[in-house]
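# Commentary on secondary and tertiary structure
Below are the chains, spelled out letter by letter.
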Amino acid sequence: MTNAGRRAMCRAMSTDRSSFFVAFLLLAALFACSACTPGSGQPDAGQAACPAQVGEGTVHSGVLASSETWTVEQGPHVVTADVTVEPGAVVTIEPCAAVRIAKNVSLIAKGQLLANGTADQPIHIGAIDSAAPWGSLKIDPNGFAALAYVNLTEGGSHVDSDAPHGMIEVDGDETKRVTPVLGVEHVTLTGSASFGLTLRGGVAFTVDSHDLTVTKSKKAPMRIWPRLVSSIPVGNYKDNTEDAIVVTTDPGGEINVENVTFHDRGVPYRIGDSALPSSLVVGPEHFTLTIEAGVVMTFQDKGALRAVSAASSTGVISAVGTADRPVVLTSASLEPVAGRWVGVRLGAVADPGFQFDFVQIRFAGGVSMEYANHCQPNPTLTGQVSKDDDAALAIFHQPPKPYLTNSLIEHSAADGVNNAYTGSYVDSKPTNIFKNVVGCQVTYPLPT
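Please read these numbers as outputs of a predicted model, since none were measured by experiment. (Residues numbered from 1 in each chain as written. Predicted model: local features only at pLDDT ≥ 70, side-chain atom pairs only at ≥ 80, totals over all residues. Heavy atoms only, no water.)

### Structural notes on the overall build of the chain
Tallying secondary structure elements over the chain gives 1 helix and 36 strands in all. Across the 448 residues in the chain, those meeting the buried criterion constitute 49%. (Helix = DSSP H or I, 4+ residues; strand = E, 2+ residues; numbered from the N terminus. Buried < 20%, exposed > 50% of the residue type's maximum accessible area, 1.4 Å probe, protein only.)

Printed below as a string of structure tokens:
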């Protein structure tokens with residue numbers, strides 16, 4: 001282009017600059033409004049594609065023995081009494097559908113409940129009256145529920161308010177191996193009157209579950225049996241009255257049917273949900289509890305983490321953290337002091353799978369009521385050579401190697417590591433740190 005041509009173009013651009021700028025602003029405004037909900041003036045992700053559902057809608061109650069679909073056109077869907085989906089029946093809830101449930105009323109899936117929304121067309125399940133919470137989405141041992149892009153609000157209320165209910169309740173057969181009966185994908189539970197979810201028996205989340213959010217529950221986000229913990233999906237479990245996953249030690253919940261892994265899900269695991277002493281028990285069958293890096297486990301007063309043994313088998317515990325993300329085993333008390341919980345107890349059968357690496361054991365050493373023979377006189381019992389086995393970590397078998405490495409024992413009301421067996425001394429001092437330990441850092445076993 002010649003210099004004259006360039007000058008001519010510049011004159012034209014200068015002349016039309018104002019009109020060009022105005023046109024640009026109009027185009028930008030038009031583009032922005034295309035992402036807005038009509039009349040709102042603001043983007044409303046996930047709602048723009050859903051029509052308002054007003055009027056009386058469709059009323060549901062009682063037993064559903066045949067399959068049916070809850071459509072948007074029939075909405076809102078009003079549940080006035082318990083709805084039970086019978087075995088063999090399938091209830092499908094369409095994207096954008098709104099379900100409103102009366103006080104203390106529940107949806108019960110003995111068959112299948114499929115509620116698959118989308119990011120732009122979510123499903124909402126809530127209360128008819130926000131001041132009168134509904135009951136639960138209950139999943140029977142032989143039932144199944146798949147939820148995607150579903151928002152559940154204002155549930156979890158029951159006549160028996162002290163019972164361990166949640167907005168979603170999953171209960172199964174404790175004698176069977178774990179069966180996945182609940183699939184979640186981008187599911188949010190908000191404002192439960194109790195726990196967000198409760199899982200008991202031999203039932204759990206599906207392996208492809210992900211992005212579960214539980215918030216603003218009046219109790220904790222989840223109450224679950226130990227043997228089901230592996231299935232807890234990645235998600236957000238914060239901003240509840242108690243930001244912890246409550247691991248209940250009910251009979252039948254022990255880790256003695258399958259291997260279990262505690263994943264780091266961003267909040268602590270609180271072991272025990274009653275006033276009674278609570279122990280997380282692994283074994284006596286040969287199954288392994290794996291505790292991953294970054295996991296925090298808190299124990300109620302007098303609670304313990306126990307690997308128990310039979311004649312020739314034992315439960316196994318493997319807790320492996322890192323320098324930046326240690327495994328933390330500590331007291332659940334708001335005012336922790338040494339001895340609030342018993343500590344870790346390893347039974348009478350050795351196994352190479354035992355490992356505690358980059359682990360912090362704090363405020364343990366409480367009364368264990370366990371005794372063994374030691375070459376250390378009890379100062380309160382003249383002439384006796386027995387000693388109680390209170391310690392942050394007590395080992396009741398001859399270990400093939402030091403189980404504790406790169407770890408910290410702090411604020412123990414008794415010993416740090418108690419070699420409570422008969423055999424050779426295994427030194428747990430190298431690589432470990434002991435702080436504020438009342439008794440011995442490491443005890444000697446009774447020689448053979």
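Next, the rest of the story.
### Some thoughts on the sheet that holds strand S35 (residues 415-419)
Spatially, the 5 strands line up as an open sheet ordered S21-S24-S27-S32-S35, and their pairing is parallel. The sheet terminates laterally at strand S21 (279-282) and S35, the two strands that pair on one side only. Strand-to-strand twist in this sheet, taken as the mean axis angle between neighbours without regard to direction, amounts to 10 degrees. As paired strands, S21 and strand S24 (residues 304-307) are joined by 4 bridges and run parallel to one another. Considered in S24, the bridge of Val-282 is made with Ala-307. (Pairing = 2+ DSSP bridges. Axes fitted to C-alpha atoms, helices over the stretch in contact; angles between N-to-C directions.)

### Re the environment of His-124
Inspection of the secondary structure puts His-124 in strand S8 (residues 123-127). Taking C-alpha positions, His-124 is 4.9 Å from Asn-151, a pair spaced 27 residues apart along the chain. Setting aside residues up to four positions removed in sequence, His-124 forms contacts with Ala-97, Ala-98, Val-99, Asn-151 and Thr-153. In this structure the side chain of His-124 is engaged in a polar contact, spanning 3.0 Å, whose partner is the side chain of Thr-153. (Contact = heavy atoms within 4.5 Å. Polar contact = N/O pair within 3.5 Å; in protein donor to acceptor, adjacent residues only side chain to side chain.)

### Quick notes on a nonpolar patch on the surface
Together, Val-367, Met-369 and Tyr-371 give the surface a local cluster of nonpolar side chains, amounting to about 390 Å² of exposed area. Structurally, Tyr-371 is set in strand S30 (residues 371-373). (Patch = residues over 30% accessible without salt bridge, like charges linked within 9 Å, V, L, I, M, F, W, Y side chains within 5 Å. Areas by Shrake-Rupley, 256 points an atom, 1.4 Å probe, with all protein chains shown as cover. Salt bridge = Lys/Arg side-chain N within 4 Å of Asp/Glu carboxyl O.)

### A closer look at the packing of aromatic side chains
Centre-to-centre distance and the angle between the planes together describe a pair of aromatic rings. Here the structure, examined in full by the defined rule, presents 4 aromatic pairs. With 4.3 Å between their ring centres and 5 degrees between their planes, Phe-299 and Trp-341 make a pair best called stacked. In this pair, Phe-299 sits in strand S23 (residues 296-299) while Trp-341 sits in the loop between strand S26 (327-331) and strand S27 (343-346), placing the two residues 42 residues apart along the sequence. Phe-299 sits in the buried class, given a relative accessible area of 0%. Its relative accessible area of 0% is what places Trp-341 among the buried residues. (Phe/Tyr/Trp six-rings, centres within 6.5 Å; stacked < 30°, edge-to-face > 60°.)

### Thoughts on the environment of Val-344
If you trace the backbone, Val-344 turns up in strand S27. Given a relative accessible area of 0%, Val-344 falls into the buried group. With 38 residues separating them along the chain, Val-344 and Arg-306 place their C-alpha atoms 5.9 Å apart. Sequence-distant contacts of Val-344, defined by excluding residues within four places in its chain, comprise Leu-305, Leu-329, Phe-356, Ile-361, Ala-392, Leu-393 and Ala-394.

### A look at the state of the cysteines
Under the defined criterion, the tally for this structure stands at 1 disulfide. Here Cys-50 is linked by a disulfide to Cys-96, with a sulfur-sulfur distance of 2.0 Å. Disulfide Cys-50-Cys-96: the torsion about the S-S bond is -80 degrees, which places it as left-handed. One end of the pair, Cys-50, is in the loop between helix H1 (3-33) and strand S1 (58-64); the other, Cys-96, is in the loop between strand S4 (90-93) and strand S5 (98-101), and 46 residues separate them in sequence. Residue Cys-50 is classed as buried on the basis of its relative accessible area of 15%. (Disulfide = S-S within 2.5 Å.)

### Things to note about the environment of Asn-259
Along the chain, the position of Asn-259 falls in the loop between strand S18 (245-247) and strand S19 (260-262). Taking relative accessible area as the criterion, Asn-259 reaches 51% and is therefore assigned exposed. Along the sequence, Asn-259 and Gly-315 sit 56 residues apart, while their C-alpha atoms lie 9.6 Å from each other. Once residues within four sequence positions are removed from consideration, Asn-259 is found in contact with Ser-230, Phe-287 and Thr-288.

### Let's talk about the side chain of Glu-169
Locating Glu-169 in the fold gives a position in strand S11 (residues 166-171). Of the side chains with opposite charge, Arg-200 lies nearest to the buried Glu-169, which makes no salt bridge, at 4.1 Å. (Lys, Arg positive; Asp, Glu negative; His and termini not counted.)

### Observations regarding empty space enclosed by the protein
Under the definition given, this model contains 1 cavity of 30 Å³ or more. The computed volume of the largest cavity comes to approximately 40 Å³. The wall of the largest cavity is formed by Leu-64, Trp-70, Val-83, Val-85, Val-91, Leu-107, Ile-108 and Leu-113. Secondary structure elements with two or more residues in the lining of the largest cavity: strand S3 (77-85) and strand S6 (107-109). In terms of residue class, the lining of the largest cavity is built from 8 nonpolar, no polar and no charged. (1 Å grid on protein atoms, 1.4 Å probe; cavity = no way out; pocket = protein on both sides within 12 Å on 5 of 7 lines; lining within 4 Å. Points joined across faces, edges and corners; volume = space filled by probe spheres on them. Nonpolar A, V, L, I, M, F, W, Y, C, P; charged D, E, K, R; others polar.)

### Quick notes on the sheet that holds strand S28 (residues 355-357)
Sheet architecture is open: 5 strands sit in the order S19-S22-S25-S28-S33, paired in parallel fashion. Where the open sheet ends on each side, the last strands, each with one partner, are S19 and strand S33 (404-405). Across 4 bridges, strand S22 (residues 288-291) lies against strand S25 (residues 316-320) in parallel orientation. Among the inter-strand pairings, Thr-290 is bridged to a residue of S25, identified as Ser-318.

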